[in-house]
Amino acid sequence: MKKGLKQAAAWVLCGALFWGQGLAVEEPPAGQETGLTGISAPCAILMDEDGQVLFEKNADQPREPASVTKVMTMLLVMEALESGKISLDETVTASARAAGQGGSQIYLKENEQMTVEEMLKSVAVASANDCAVALAEHLAGSEEAFVAQMNQRAAELGMSNTHFVNCNGLPAPGHVSTARDIALMSRQLIRHKDIFNYTTIWMDSVRDGAFGLTNTNRLIRTYDGMTGLKTGYTKTAGYCLSATAERQGLSLVAVALGAPDIPTRSADIAALLNYGFANYQKVTVTPDQPIMPLPVRLGKQDYALCELEGSPELVIEKSKVSSLEKELEMEEFLTAPVEKGRQAGLLRVTAGGETLAEIPVVVSGGVDRLSLWGLAERMLSACAMRRAPAA
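The paragraphs below set out a description of the structure included in this document. (Residues numbered from 1 in each chain as written. Predicted model: local features only at pLDDT ≥ 70, side-chain atom pairs only at ≥ 80, totals over all residues. Heavy atoms only, no water.)

**A closer look at the overall build of the protein**
Alright, step 1. If you tally the helices and strands in the protein, you get 12 helices and 18 strands.
Alright, step 2. By residue count, 47% of the 391 residues in the protein fall in the buried class.
Alright, step 3. Surface summary for the protein: the accessible area is close to 19100 Å², and the carbon and sulfur share equals 52%. (Helix = DSSP H or I, 4+ residues; strand = E, 2+ residues; numbered from the N terminus. Buried < 20%, exposed > 50% of the residue type's maximum accessible area, 1.4 Å probe, protein only. Areas by Shrake-Rupley, 256 points an atom, 1.4 Å probe, with all protein chains shown as cover.)

Okay, here's the thing in structure tokens:
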């Protein structure tokens, strides 16, 4: 009887510790601002979805990324899905190599078959190393070929301090990344909104419910607005996490590498995100006056319509929003031919004398050049109007 009581007490204690990890990083009450101090992880960064860095600590120090590596694996899978190269319901067959992976896994057997969606879900939720390799082989023919694609994509994203050796983050010589590089690939991944169908899952299953999945990112349950993204751990890498969260249209990426334990990792990520949401907001920038059409010389139309380039949204410190100033600078005229998208001006956004952004003003519709005959007709018409007697 005493033995049974001791076992029950042990389970209660374990449960308290497990859930305490989530409770320890609950966000502060609404409206309570928090300063960003005491980040324990040796490397960390906070970035908005457009790549603006809001905080960094040793962000370019190469470290083992562990299973955070799978952010790139998932990115390549999502890009293949959106391009039509693969589909969610097509079948993936596990090789002996995929089935032989260690660490976190769903214990694939050689020649076992699952859909792309089941394997992607297993990677996103349970960090399944075996499914990561199976997907890599399915997309590229071999893990080596897939890793080459990972490194090529990393170079394209400007991840200058990253080198991948495998697709799942298991320890390997030369397999390194940085907090900044991980944030860059994470912000690229969250542009594929369908990834949230998997990274926000707390509990699910595969094999028709026979194998349960629980998200390795406990903040999914405890942090308001958390959308993902990927945890990682090995003895040499420490506890790592690339986390994404969104509130009131502001989407942030927080990365912590090398934390000593899960509670510290979670606390660091919560502190980074709390700082971002407390001190920054997304604003839509528009000129204080309308953007007038520009005169066009020698054009088939006399004027060209202009607009701000892209979606003029900026992430700005809340303390500066009330002091925003906008200055619109436009060219006096354009000369045909005028191509659509040609820059015709600039909207400069400042606060307290500091330039926060320079947003190009571009031509929204092209204007062709007059032909010689068209130019002659216009000149004759102008002469005729000048000679016409007054009524």
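**Digging into the packing of helix H2 (residues 70–83) against helix H6 (residues 143–156)**
When two helices pack together, their arrangement is given by the angle between the helix axes and by the axis-to-axis distance.
Alright, step 1. Interaxial distance between H2 and H6 falls to 10 Å at its minimum, and their mutual angle equals 95°. Looking at the two axes, H2 sits roughly perpendicular to H6. Of H6, the residues touching H2 (which contributes Met72, Thr73, Leu75, Leu76 and Glu79) are Phe146, Gln149, Met150, Arg153 and Ala154.
Alright, step 2. Tallied by class, the residues present in the contact of H2 with H6 amount to 6 nonpolar, 2 polar and 2 charged. (Axes fitted to C-alpha atoms, helices over the stretch in contact; angles between N-to-C directions. Parallel < 35°, antiparallel > 145°, perpendicular 65-115°, else oblique. Contact = heavy atoms within 4.5 Å. Nonpolar A, V, L, I, M, F, W, Y, C, P; charged D, E, K, R; others polar.)

**Topic: the sheet that holds strand S18 (residues 354–363)**
Alright, step 1. Strand order in this open sheet of 4 strands is S13-S18-S17-S15, and the pairing throughout is antiparallel. This sheet does not close on itself; its edge strands, each paired only once, are strand S13 (306–308) and strand S15 (324–330). Each adjacent strand pair in this sheet contributes to an overall mean axis angle of 25°, direction not counted.
Alright, step 2. Across 8 bridges, the pairing between strand S17 (residues 343–351) and S18 is antiparallel. Residue pairing across strands places Ala351 opposite Glu354, the latter belonging to S18. (Pairing = 2+ DSSP bridges.)

**Side note on the packing of aromatic side chains**
Pairs of aromatic rings are described using the distance from one ring centre to the other and the angle between the two planes.
Alright, step 1. By the definition in use, this model includes 3 aromatic pairs.
Alright, step 2. Plain terms: the ring middles of Tyr275 and Tyr280 are 6.2 Å apart, the flat faces sit at 65° to each other, and that makes the pair edge-to-face.
Alright, step 3. When the ring centre of Phe211 is taken as reference, the NZ or CZ atom of Arg207 above it lies at 5.3 Å.
Alright, step 4. Just above the ring of Phe333 sits the side chain of Arg297; from NZ or CZ to the centre is 3.6 Å. (Phe/Tyr/Trp six-rings, centres within 6.5 Å; stacked < 30°, edge-to-face > 60°. Lys NZ or Arg CZ within 6 Å of the ring centre and 35° of its normal.)

**Brief notes about helix H4 (residues 116–126)**
Alright, step 1. The buried fraction of H4 amounts to 9 of the 11 residues, a majority that puts the element mostly inside the structure.
Alright, step 2. Looking at H4, one finds that the buried residues are Val116, Met119, Leu120, Lys121, Ser122, Val123, Ala124, Val125 and Ala126.
Alright, step 3. Of the residues one or two after H4, Ser127 is the one with positive phi, at around 55°.

**Quick look at the pattern of salt bridges**
Alright, step 1. Counted by the stated rule, this structure contains 18 salt bridges.
Alright, step 2. Between Lys326 and Asp288 there is a salt bridge, with its nearest N and O atoms 3.2 Å apart. With Lys326 in strand S15 and Asp288 in the loop between strand S10 (280–284) and strand S11 (294–297), the pair connects residues that are 38 residues apart, well separated along the chain.
Alright, step 3. Beyond isolated ion pairs, a larger network of salt bridges with shared partners links Glu327, Glu329, Arg348 and Glu358. (Salt bridge = Lys/Arg side-chain N within 4 Å of Asp/Glu carboxyl O.)

**What to know about the pairing of S11**
Alright, step 1. Burial along S11 is one-sided: the residues Leu294 and Val296 are buried and none of Pro295 and Arg297 is.
Alright, step 2. Across 2 bridges, S11 lies against strand S12 (residues 303–304) in antiparallel orientation. Residue pairing in the sheet places Leu294 in a bridge with Ala304 of S12.
Alright, step 3. Counting the residues in the hairpin turn of S11 and S12 gives 5 residues, including Leu298, whose phi is positive at 60°.
Alright, step 4. Of the strand pairs in this sheet, S11 and strand S16 (residues 334–335) are connected by 2 bridges, and their pairing is parallel. Of the residues in S16, the one forming a bridge with Val296 is Leu334.

**A closer look at the sheet that holds S11**
Alright, step 1. If you walk across this open sheet you meet the 3 strands as S12-S11-S16, and the pairing is mixed. Single-partner strands in this sheet number two, and they are S12 and S16.

**Quick word on unusual backbone geometry**
Alright, step 1. Omega for the peptide link from Ala336 to Pro337 comes to 0°, which places this bond in the cis form.
Alright, step 2. Here the phi dihedral of Asn58 falls at roughly 50°; this positive angle occurs in a residue that is not glycine.
Alright, step 3. Note that Asn58 resides in the loop between strand S2 (53–57) and H2.
Alright, step 4. Residue Asn58 is classed as partly exposed on the basis of its relative accessible area, which comes to 44%.

**Quick look at the environment of Val349**
Alright, step 1. As for its placement among the helices and strands, Val349 is situated in strand S17.
Alright, step 2. When the C-alpha atoms of Val349 and Glu325 are compared, they prove to be 5.8 Å apart, with 24 residues separating the residues in sequence.

**A look at the environment of Gln113**
Alright, step 1. With respect to the helices, strands and loops of the structure, Gln113 is situated in strand S4 (residues 113–115).
Alright, step 2. Here the alpha-carbon distance between Gln113 and Ala94, two residues 19 residues apart in the chain, equals 6.3 Å.
Alright, step 3. Residue contacts for Gln113: discarding those within four places in its chain leaves Thr91, Val92 and Thr93.
Alright, step 4. At a separation of 3.0 Å, a polar atom in the side chain of Gln113 contacts the side chain of Thr93. (Polar contact = N/O pair within 3.5 Å; in protein donor to acceptor, adjacent residues only side chain to side chain.)

**So, the side chain of His192**
Alright, step 1. By the secondary structure assignment, His192 is in the loop between helix H7 (179–189) and helix H8 (196–199).
Alright, step 2. Of the residues examined, His192 reaches a relative accessible area of 9% and is grouped as buried.
Alright, step 3. For His192, the side chain forms a polar contact with the side chain of Glu82, separated by 2.9 Å.
Alright, step 4. Residues in contact with His192, not counting those within four places in the same chain, are Leu75, Met78, Glu79 and Glu82.

Function cannot be read off these values alone, since they describe shape.
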